[in-house]
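Working through the structure, step by step
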Amino acid sequence: MQEINNKGAGGIISGVAAVIVDNKAYLSEIDGKIGDGDHGVNMAKGFGRAADRLDPEGTLTEALQVLSDVLMSEIGGSMGPLYGMMFSDMADSLGEAETIDAAKFGAMIRAGLEGVQDIGSAKVGDKTLLDAFTPAVDAFDASIAAGNTFPEALVAMKAAAETGRDSTIDMVAKVGRSSRLGERSRGVLDAGATSCAMILGAFAEDITARLS
Amino acid sequence: MQEINNKGAGGIISGVAAVIVDNKAYLSEIDGKIGDGDHGVNMAKGFGRAADRLDPEGTLTEALQVLSDVLMSEIGGSMGPLYGMMFSDMADSLGEAETIDAAKFGAMIRAGLEGVQDIGSAKVGDKTLLDAFTPAVDAFDASIAAGNTFPEALVAMKAAAETGRDSTIDMVAKVGRSSRLGERSRGVLDAGATSCAMILGAFAEDITARLS
Amino acid sequence: MNAMDHSTKKLMNAPEDIIPEMIEGMLAAHPDMLKLEGESGRAVVAVDGPRDGKVGIVIGGGSGHEPAFAGYVGRGLADAAAVGNVFASPSPEQVKQAAMAADGGAGVVLLYGNYTGDVLNFDMAAEECAELGIEARSVQVIDDVASAPKERAHERRGIAGDFFVFKIAGAAADLGRSLDEVEDAAKRANAATLSMGVAVSACSMPQTLKPNFEIGPDEMEIGMGIHGEPGMRRAKIDTADNVTDELMSLILGEMELGEGSEVAVLVNGLGSTALMELYLINRRVAKILGEKGVKIHHTWVGEYCTSMEMAGASVTLLKLDDDLKLLLDHPCRTPALTVGT
Amino acid sequence: MNAMDHSTKKLMNAPEDIIPEMIEGMLAAHPDMLKLEGESGRAVVAVDGPRDGKVGIVIGGGSGHEPAFAGYVGRGLADAAAVGNVFASPSPEQVKQAAMAADGGAGVVLLYGNYTGDVLNFDMAAEECAELGIEARSVQVIDDVASAPKERAHERRGIAGDFFVFKIAGAAADLGRSLDEVEDAAKRANAATLSMGVAVSACSMPQTLKPNFEIGPDEMEIGMGIHGEPGMRRAKIDTADNVTDELMSLILGEMELGEGSEVAVLVNGLGSTALMELYLINRRVAKILGEKGVKIHHTWVGEYCTSMEMAGASVTLLKLDDDLKLLLDHPCRTPALTVGT
Ligand SMILES: Nc1ncnc2c1ncn2[C@@H]1O[C@H](COP(=O)(O)OP(=O)(O)O)[C@@H](O)[C@H]1O
Ligand SMILES: Nc1ncnc2c1ncn2[C@@H]1O[C@H](COP(=O)(O)OP(=O)(O)O)[C@@H](O)[C@H]1O
Ligand SMILES: [Mg+2]
Ligand SMILES: [Mg+2]
Ligand SMILES: [Mg+2]
Ligand SMILES: [Mg+2]
């Protein structure tokens, strides 16, 4: 089976939220090195609240929208609008779809990526979540284009997200709170890239499990 | 020789001051346990300043007066008036004396003791400097009355001051900052009794050295 | 690493509730000045602030900087503050509710520190205001010299300089100036305000109680941000005079001040630095300015923009001209600042 | 023991100079309100305070409690403050110089916390004043419930309650009341003021930079004094609500308050406790009073009587009657407190 039902896939977001909540302390610690140390706290608050409110038996579209609403209207911070826009654009892209195949998934994450780019105006190499997200979306598309299966493409996406996340270590931040540090921002992971890789990883694993 | 010259004995106060300054941290630490941790700091400030201003080649009377003036007019705290009065009454008692023998010395410390009692209205057993001072003065007088020499009486005075100081460990404070603690003030030395024993000890040693 | 081991003690209840509870405590303390409006529970509004025909002043940002931001809400200063979570910008919805409360029909000016999160959220709120027919202008405070070189001053962070920018804008609005004029006053204040800070110990998030950065027992960081963002350099802690000299030289290297210039001074504590120490810093600031023949119009010393229990301080100078002086002296009455009246 | 190992960081110069330098910085910050008089360099006097025929209000005590005491010098409050060394009463000479500056021919009231050192020094100063023909009355503030049982209330320490006693006396003097009346107002305020504090971390003397008491990483001390004197009990640190409940129950156990009673509230930070936390405490204070039907006339939340960088807080209630209310509301203008005007 190369597709999953949209209905019932709301639970994917519950899983994503659990990963974020579990990594609250770690994400805040990373953010503390060159940022203000709140990334995990804010992410966990938003994702945790969304998990409480969404229906895991409902559609992924609905769950994405719940998550986006919580982030946008209650969480604030950088992540409210950035991830808020990402998940809302992902929900819009998915829309009323009954099922989610590789093409729909690819379009969905591409829409999410464009949402973040639109609102944040950052580029690859700026040491942000885009350094995990962009190569991950590209890797997914490339894998499908190369004739791989949906699960294979998800593996490629996850791996690219992680490589992209790790690539931020050597970068100097160009946007966001850490951008004022210049060379001092080099040498540590970017918090947003780390949470983004976690989110994409959780997506990949849960969908793979549902596909098999 | 059972007497020393008043002139030149100003140096005794330099020695007393040195002992206090050396024990600044220790005295503050003791005060920190049941008081506010400033005893050494304030004592060192006052005695240190007095040492800078007094003439070690001058009389003990003058040196005592310099020390009292600094304590009274610049130091404040409990010690300003208490030790200030003590040294001023000691200076008054000594007056124009050319030499200081056991009788003069005994009268001098008795006058100092009465000065402290007058102003502070504390009694032996209240866990204050009087618990070192009172038995020390009594021991000095008793030793002389028993026919001992001036140096022997000084040894008795010093020993009684130290025993008195140590007796404060088991006392519950009745006056001063620590008196609000009730039972919690038991088990530690009193800071003022400790500094008082140091002062009397320094007196005893320096005078003994001068007598021999 | 040492610092990471031990946790901070805070007198608090459940960390999830800390912001709503803080707001409750604040309203209970200042019922004559503050009230809450809108459903978000995060729009703190001046009891006698917003008036018909007056430009509304909306301030805001993450919490943890108390008395900033809601402490500056009141007659003659801000009409409303949007209160975010600890170190996180308020959401567009929260800002919008503050703006709606502050609007008197003449538009609103949104004032906040220049941080990615704040810019994103306030910009979205401004768009939503426009949809509601409320014209919203935005001014991002950029006073922190340490956070970018002069050529890229627009990238700088906003720290204690908020104080002066808010005060000036609030006065301009209170005097009945137009939206353009109020925006212009805020921008002029922003351009005339420079700050430099130093941190000597960290703060911690209520949720983690772990110091949010590491700093050695004998170290200080010159230029550290008010959320613990790294600054310009680490060094052994130095005397108040030497530290102040460094802060001042970075400000004076950029602010043109000479004989006869006039400034306002803010010596701000980050949270656990004693007022005694702040006065020592002010002593040196006054001395340096005096030696240059610069006139000090007014000085504030205290905690005006904090980082919870971080230890450290900042110095802010506002270079005055006649209009800024008039606006600075204009009366205001808020929990954190009273002028004249 | 742990706490004794590491030393505190202070932004300061030579510790011997810290008090004169602090005073210099304070005068530089508030030249419109404060000046120095007399040769001791320790008598801080209100620029427009002492007036002919007005009773002079003299306050003072050791340093380290900033803004107390000199921060309360100014029109409508104290005429002069005698500034002691850190945690040490000012000397008789210093108090006398403050009293001489404050005297307008109608006598002076000396107000200070009830500590052995202060009593000794102020009493000697009062005698010296008498010799100079200045009639001096003394009122020792005794608000700290933790420091002695009710039967021995006269032995209690003075802590943040200074704030209310000073304010009331200052207003009475400013209104032109006689020496007897001002002394009486101060005594009535003193009798109507009760405080309870809690400490969670120590402070340190500038000279030693060592914490002046030991407290475990998860401990608090209920009733600790503002110089770090031990309090009533040690316990594991608890929630803001539980801690506030304990402080309030000790105060309310003694202060008779019922439906219709009126109080003023001071929630005071000891130095490094964040304003956010103080507001949490105030939230609970207001709730408790509200449930008893007690009316809160006015609330102050902030750092009004500190212990340098100690962490912790205190709650003070002043039970009001018509005259105390009138005096509390009377305008004043000082560095630390502005009312009305
Ligand atoms: N303009 C931007 N575009 C994309 N991601 C961004 C942008 N600015 C910041 N980020 C991401 O936000 C992360 C920080 O998030 P967070 O700590 O929650 O917010 P804040 O910096 O406001 O405290 C950074 O690690 C970075 O990945
Ligand atoms: N009434 C008194 N008579 C004699 N000694 C006293 C009296 N009150 C306090 N002391 C002494 O003062 C000491 C404390 O001195 P110090 O720490 O310098 O002053 P403070 O308590 O004002 O900080 C106590 O240890 C005690 O010995
Ligand atoms: Mg962050
Ligand atoms: Mg002491
Ligand atoms: Mg943040
Ligand atoms: Mg003391």
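- As named in an unreviewed UniProt entry, chain A is Dihydroxyacetone kinase DhaL subunit, taken from Aliiruegeria lutimaris.

1. Topic: the site of ligand 2
- Of all residues adjacent to ligand 2, which total 19 residues, the nearest are Asp36, His39, Ser78, Met79 and Asp190 of chain B.
- Near ligand 2, the surrounding residues are drawn from chains B and D.
- At a separation of 2.9 Å, an oxygen atom of ligand 2 approaches a polar side-chain atom of histidine 39 of chain B.
- When the free accessible area of ligand 2 is taken as 570 Å², the share hidden by the protein chains comes to 95%.
- Listed by contribution, the elements that provide at least two residues to the shell around ligand 2 are α5 (79-94) and α9 (191-211) of chain B.
- For the shell around ligand 2, the element with the highest residue contribution is α9 of chain B, accounting for 3 residues.
- Grouping the amino acids of the shell around ligand 2 by side-chain chemistry returns 7 nonpolar, 7 polar and 5 charged.

2. Points about the side chain of aspartate 126 of chain A
Residues and elements named next belong to chain A.
- With respect to the helices, strands and loops of the structure, aspartate 126 is situated in the loop between α6 (102-120) and α7 (130-145).
- For aspartate 126, a relative accessible area of 5% corresponds to the buried category.
- Setting aside anything within four residues of it in sequence, one finds aspartate 126 in contact with Asp131, Val172, Ala173, Lys174 and Val175.

3. Observations regarding the packing of helix α1 (residues 10-22) of chain A against helix α4 (residues 60-75) of chain A
Residue and element names in this part refer to chain A.
- Where α1 contacts α4, the two axes come as close as 6 Å, and the packing angle between them is 40°. The pairing of α1 with α4 is recorded here as oblique in orientation. Contact with α1, carried on its side by Gly10, Ile12 and Ile13, involves Leu60, Ala63, Leu64 and Leu67 of α4 and no other residues of that element.
- Looking at the contact of α1 with α4 residue by residue, the classes come out as 6 nonpolar, 1 polar and no charged.

4. Describing the interface of chain C and chain A
- Of the residues lining the interface, 37 residues belong to chain C; the matching set on chain A comes to 28 residues.
- Between chain C and chain A lies a buried interface of about 2,500 Å² when both sides are counted; carbon and sulfur atoms form 50% of it.
- Of all residues in chain C, Asn85, Leu120 and Pro230 of chain C bury the most surface against chain A, accounting for 21% of the area lost on that side.
- Taken together, the links from chain C to chain A amount to 1 salt bridge.

5. Notes on the coordination of the magnesium ion (ligand 3)
Residue and element names in this part refer to chain A.
- Coordination sphere of the magnesium ion (ligand 3), protein contribution only: Asp31 (OD), Asp36 (OD) and Asp38 (OD), at 2.0 to 2.1 Å.
- The motif formed by the donor residues of the magnesium ion (ligand 3), counted along the single chain, is D-x4-D-x1-D.
- A separation of 3.5 Å is found between the magnesium ion (ligand 3) and the magnesium ion (ligand 5), which are bridged by aspartate 36.
- Here aspartate 36 falls in the buried class, since its relative accessible area comes to 1%.

6. Comments concerning the packing of aromatic side chains
- Scanning all chains against the criterion turns up 30 aromatic pairs over all chains.
- Residues phenylalanine 47 of chain B and phenylalanine 87 of chain B carry aromatic rings whose centres are separated by 5.9 Å and whose planes lie at 80° to one another, so their mutual orientation is edge-to-face. In this pair, phenylalanine 47 of chain B is assigned in helix α3 (residues 39-53) and phenylalanine 87 of chain B in helix α5, connecting sequence segments 40 residues apart.
- Accessibility expressed as a relative area gives 1% for phenylalanine 47 of chain B, which makes it buried.
- The class for phenylalanine 87 of chain B is buried, based on a relative accessible area of 0%.
- For the ring pair phenylalanine 164 of chain C and tryptophan 300 of chain C, a centre distance of 6.0 Å and an interplane angle of 65° mean the geometry is edge-to-face. Here phenylalanine 164 of chain C is found in helix α5 (residues 162-174), whereas its partner tryptophan 300 of chain C is found in strand β11 (residues 295-302), with 136 residues between them in sequence.
- A relative accessible area of 0% means that phenylalanine 164 of chain C is categorised as buried.
- A network of ring pairs unites the aromatic residues Phe69, Tyr72, Phe163, Phe164, Phe166, Trp300 and Tyr304 of chain C as a single cluster.

7. Looking at the relation of the copies chain C and chain D
- When chain C is fitted to chain D, the best match, at an RMSD of 0.0 Å, comes from turning it 180° and sliding it 0.0 Å along the axis. Taken together, these values place the two copies in the relation of a two-fold axis. Within chain C, the C-alpha atom positioned nearest to the axis of rotation is that of serine 272 of chain C, 1.9 Å from it.
- In this assembly, 100% of the residues forming the interface of chain C have copies in chain D that are likewise at the interface, indicating an isologous arrangement.

8. Overview of the interface of chain C and chain D
- Contact with chain C, which involves 57 residues of that partner, is made by 57 residues of chain D.
- Counting each side, the surface lost to burial between chain C and chain D is near 4,600 Å², with a carbon and sulfur contribution of 63%.
- Applying the counting rule to chain C against chain D returns 4 salt bridges.
- For the salt bridge of glutamate 21 of chain D with arginine 283 of chain C, the shortest nitrogen-to-oxygen distance reads 3.7 Å.
- Where chain C touches chain D, the interface holds 20 residue pairs in polar contact (both at pLDDT 80 or more).

9. Observations concerning the packing of α3 of chain B against α9 of chain B
Residue and element names in this part refer to chain B.
- Orientation of α3 relative to α9, taken along the N-to-C sense of each, is 35°, at an axis distance of 10 Å. Crossing handedness for the pair α3 and α9: right-handed. Contacts between α3 and α9 pair His39, Met43 and Phe47 from the former with Ala191, Gly192, Ser195 and Ile199 from the latter.
- Of the residues belonging to the contact of α3 with α9, the class tally is 4 nonpolar, 3 polar and no charged.

10. Describing the coordination of the magnesium ion (ligand 4)
Residues and elements named next belong to chain B.
- Around the magnesium ion (ligand 4), the protein contributes the donor atoms Asp31 (OD), Asp36 (OD) and Asp38 (OD), which lie 2.0 to 2.1 Å from the metal centre.
- The motif formed by the donor residues of the magnesium ion (ligand 4), counted along the single chain, is D-x4-D-x1-D.
- In this structure, the magnesium ion (ligand 4) is positioned 3.5 Å from the magnesium ion (ligand 6), and both are ligated by aspartate 36.
- For aspartate 38, a relative accessible area of 6% translates into the label buried.

11. Points about the site of ligand 1
- The environment of ligand 1 is made up of 19 residues, and the closest members are His39, Ser78, Met79, Asp190 and Gly192 of chain A.
- In this structure ligand 1 sits where residues from chains A and C come together.
- Take aspartate 36 of chain A: an N or O atom from its side chain is 2.9 Å from an oxygen atom of ligand 1.
- In this structure, an oxygen atom belonging to ligand 1 sits 2.7 Å away from a side-chain N or O atom of serine 78 of chain A.
- Contact with the protein chains covers 95% of the free accessible surface of ligand 1, which is 560 Å².
- At the level of secondary structure, the elements contributing two or more residues to the shell around ligand 1 comprise α5 (79-94) and α9 (191-211) of chain A.
- By residue number, the principal contributor to the shell around ligand 1 is α9 of chain A, which donates 3 residues.
- Its residues assigned to classes, the shell around ligand 1 shows 7 nonpolar, 7 polar and 5 charged.

Conventions adopted
Residues numbered from 1 in each chain as written. Chains lettered and ligands numbered in written order. Predicted model: local features only at pLDDT ≥ 70, side-chain atom pairs only at ≥ 80, totals over all residues. Heavy atoms only, no water. Near = heavy atom within 4 Å. Polar contact = N/O pair within 3.5 Å; in protein donor to acceptor, adjacent residues only side chain to side chain. Areas by Shrake-Rupley, 256 points an atom, 1.4 Å probe, with all protein chains shown as cover. Helix = DSSP H or I, 4+ residues; strand = E, 2+ residues; numbered from the N terminus. Nonpolar A, V, L, I, M, F, W, Y, C, P; charged D, E, K, R; others polar. Buried < 20%, exposed > 50% of the residue type's maximum accessible area, 1.4 Å probe, protein only. Contact = heavy atoms within 4.5 Å. Axes fitted to C-alpha atoms, helices over the stretch in contact; angles between N-to-C directions. Parallel < 35°, antiparallel > 145°, perpendicular 65-115°, else oblique. Buried area = accessible area lost by both parts, 1.4 Å probe. Salt bridge = Lys/Arg side-chain N within 4 Å of Asp/Glu carboxyl O. Donors = N, O, S within 2.8 Å, 3.2 Å for Na, K, Ca; no water. Phe/Tyr/Trp six-rings, centres within 6.5 Å; stacked < 30°, edge-to-face > 60°. Least-squares fit on C-alpha atoms with pLDDT ≥ 70 in both. Left-handed = near helix turned anticlockwise from the far one by under 90°.

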